[in-house]
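Residues per chain, in single letters:
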Amino acid sequence: MRGHAQFTSGAGVINIYNDSVLLVQMNYGRFCGDWILPGGMVEPGEHPHQAAIRECKEETGLDVKTIQTLCVRTRLNENKTGNIYWVYVGEILTPKPHSKLVWDPEELQAARFWSIKDCLADETVRQHTKNYIKMALAEDILPAIETFAGPYDDYIYRTKQNAKIV
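Residues numbered from 1 in each chain as written. Predicted model: local features only at pLDDT ≥ 70, side-chain atom pairs only at ≥ 80, totals over all residues. Heavy atoms only, no water.

A.B. asks: How do you make sense of the environment of C32 when you look at a structure like this?
C.D. replies: Here C32 is to be found in the loop between β2 (20-26) and β3 (35-36). On the accessibility criterion, C32 (42% relative accessible area) is partly exposed. (Helix = DSSP H or I, 4+ residues; strand = E, 2+ residues; numbered from the N terminus. Buried < 20%, exposed > 50% of the residue type's maximum accessible area, 1.4 Å probe, protein only.)

Here it is in structure tokens:
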């Protein structure tokens, strides 16, 4: 008899503001010290875009709204468990967000806005985060499915940029 795949679900949001991007620095796990997008686990009964908004508020103190689904990343682990992670493009609603960042020091080391140039060059920013930023900034049509380099990630499924829902 075959078992069912056991997947968790997470969501994050990329917020580009005045040529900078909002990132948070992990305070736990195998990526401790790395900079990533604000995000986290989807709670029971919660839609992924709602989780992305909630997590951004919890991790940075900023109010955001999601304006586009950027991509969905899947991860399949050796033990047959996996994770589906939704990445959204967000818009910051909080006025003067640079001066209003707050975070829980038990969960995060820091939250800050990075210049996009510095972010893409810094080794402490996770490569996945850099890929998401490049996707959000891309104006051309990108492949719909791509394998991410790395031992844990399988595929990323992109949405068509500027697609209109009819």
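That covers the picture; the talk isn't over yet.
A.B. asks: Which parts of the structure should I look at to understand the pattern of salt bridges?
C.D. replies: Side chains carrying opposite charge are able to pair once their charged atoms draw close together. Using the criterion set out here, one finds 5 salt bridges in the structure. Between E55 and R54 there is a salt bridge, with the nearest N and O atoms lying 3.1 Å from each other. Accessibility classification places E55 together with R54 in one group, the buried group. A salt bridge links K57 to D63, with the nearest nitrogen and oxygen atoms 3.2 Å apart. Look at K57 and you get partly exposed, because its relative accessible area is 39%. Relative accessible area serves as the criterion here: at 37%, D63 is assigned to the partly exposed category. Residues joined by salt bridges that share partners form a network here, namely E43, E46, R54, E55 and E58. (Salt bridge = Lys/Arg side-chain N within 4 Å of Asp/Glu carboxyl O.)

A.B. asks: How should the nonpolar core be read in this particular structure?
C.D. replies: One recurring pattern in soluble globular proteins: nonpolar side chains tend to sit buried together. Core analysis: the largest hydrophobic core is formed by 18 residues, its most contacted members being L23 and L70. Put simply, the parts of the chain that give this core at least two residues each are β2, β5 (64-76), β6 (81-92), β7 (108-115), α2 (116-121) and α3 (127-137). Those residues in contact with L23 that sit more than four places away from it in its chain are W35, I36, L37, A111, R112, W114, C119, V125 and T129. A11, V42, I92 and F113 belong to the second largest nonpolar core, which has 13 residues in total. (Core = buried A, V, L, I, M, F, W, Y, C linked by side-chain atoms within 4.5 Å. Contact = heavy atoms within 4.5 Å.)

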